[in-house]
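# Residue-level structure breakdown
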Amino acid sequence: MSVFIRLFFVGLITLISVTVHAREMQLDASVLLTTMDAGGNDNFKSGKGLTLQYSYYLKQWLAADIGLFVSDQTFTDTSRDVVGDYRASIQSKSILLGIKPRHRFTAPYEVYARLGIQYWQTELEVEEYFNESVPGGKTSATDTGTGYYASLGGAHYISERVVVQLELRHMMQLDVFEGESGSPFDLRINALSFGFGYRF
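Residues numbered from 1 in each chain as written. Predicted model: local features only at pLDDT ≥ 70, side-chain atom pairs only at ≥ 80, totals over all residues. Heavy atoms only, no water.

Of all ten residues that make up strand β3 (residues 62-71), nine are buried, and the element is covered over most of its length. Summarising the sheet, strand β2 (residues 47-59) and β3 pair through ten bridges and their orientation is antiparallel. Within β3, the residue paired with T51 across the bridge is F69. The hairpin formed by β2 and β3 contains two residues between the paired strands. (Buried < 20%, exposed > 50% of the residue type's maximum accessible area, 1.4 Å probe, protein only. Helix = DSSP H or I, 4+ residues; strand = E, 2+ residues; numbered from the N terminus. Pairing = 2+ DSSP bridges.)

This paragraph deals with the pattern of salt bridges. One pass over the full model with this rule turns up twelve salt bridges. Of the charged contacts, one joins K45 and D77 as a salt bridge, the two residues approaching to 3.5 Å between their closest N and O atoms. On the criterion of sequence distance, the pair formed by K45 in the loop between β1 (25-37) and β2 and D77 in the loop between β4 (74-75) and β5 (79-80) is long-range, its members being 32 residues apart. Taking relative accessible area as the criterion, K45 reaches 43% and is therefore assigned partly exposed. A residue is classified by how much of its surface remains accessible, and D77, at 48% relative accessible area, is partly exposed. Between R104 and E160 there is a salt bridge, and its shortest N-O distance comes to 3.5 Å. In this pair, R104 sits in strand β6 (residues 85-104) while E160 sits in the loop between β8 (137-157) and β9 (162-176), placing the two residues 56 residues apart along the sequence. Residues joined by salt bridges that share partners form a network here, namely D28, D65, K100, R114, E167 and R169. (Salt bridge = Lys/Arg side-chain N within 4 Å of Asp/Glu carboxyl O.)

None of this, on its own, says anything about what the molecule does.
Now the structure itself:
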């Protein structure tokens with residue numbers, strides 16, 4: 001089990017044990033359509049991701065929020081240089097910790113936001129293709145660090161316990177590969193997510 005999943009479950013179990021008498025909690029699961037921007041000339045294609053988030057409401061309008069984000073491997077188009085063809089891919093996962101303010105209308109609708117910090121692990125991979133006499137190959141590197149995230153969403157209550165959610169997300173990973181590369185970068189992940197929440 002990866003260190004990210006362990007940290008997520010340790011945080012979740014800690015939060016649940018502290019808030020065992022909570023009046024209002026919510027578990028959200030969402031599918032994301034993502035775009036990644038690492039600056040520079042590499043244009044990554046759209047990708048997909050998943051989030052799982054747990055909210056404990058400290059007040060009617062404010063929750064503490066912990067979550068896990070995982071993206072799939074997102075590729076650039078194949079490019080050519082003087083040596084041969086190559087393409088890059090990036091894959092990321094993050095533990096999210098923040099707050100979730102909300103406003104619930106009298107109708108079965110609610111608007112909410114999320115704001116917090118993230119601890120991320122990102123892998124960058126480059127595939128190279130030469131000619132028939134020179135075999136190609138892959139090389140990859142992984143880095144960890146911190147960043148922040150913010151999102152704005154809307155929810156529709158199917159019942160008192162089940163909600164459908166639509167959310168716009170922005171995640172920023174700061175100084176990726178700083179100290180390991182001559183060209184560190186900030187990774188921006190923008191996403192549209194659709195998911196369900198369950199209140200208990």
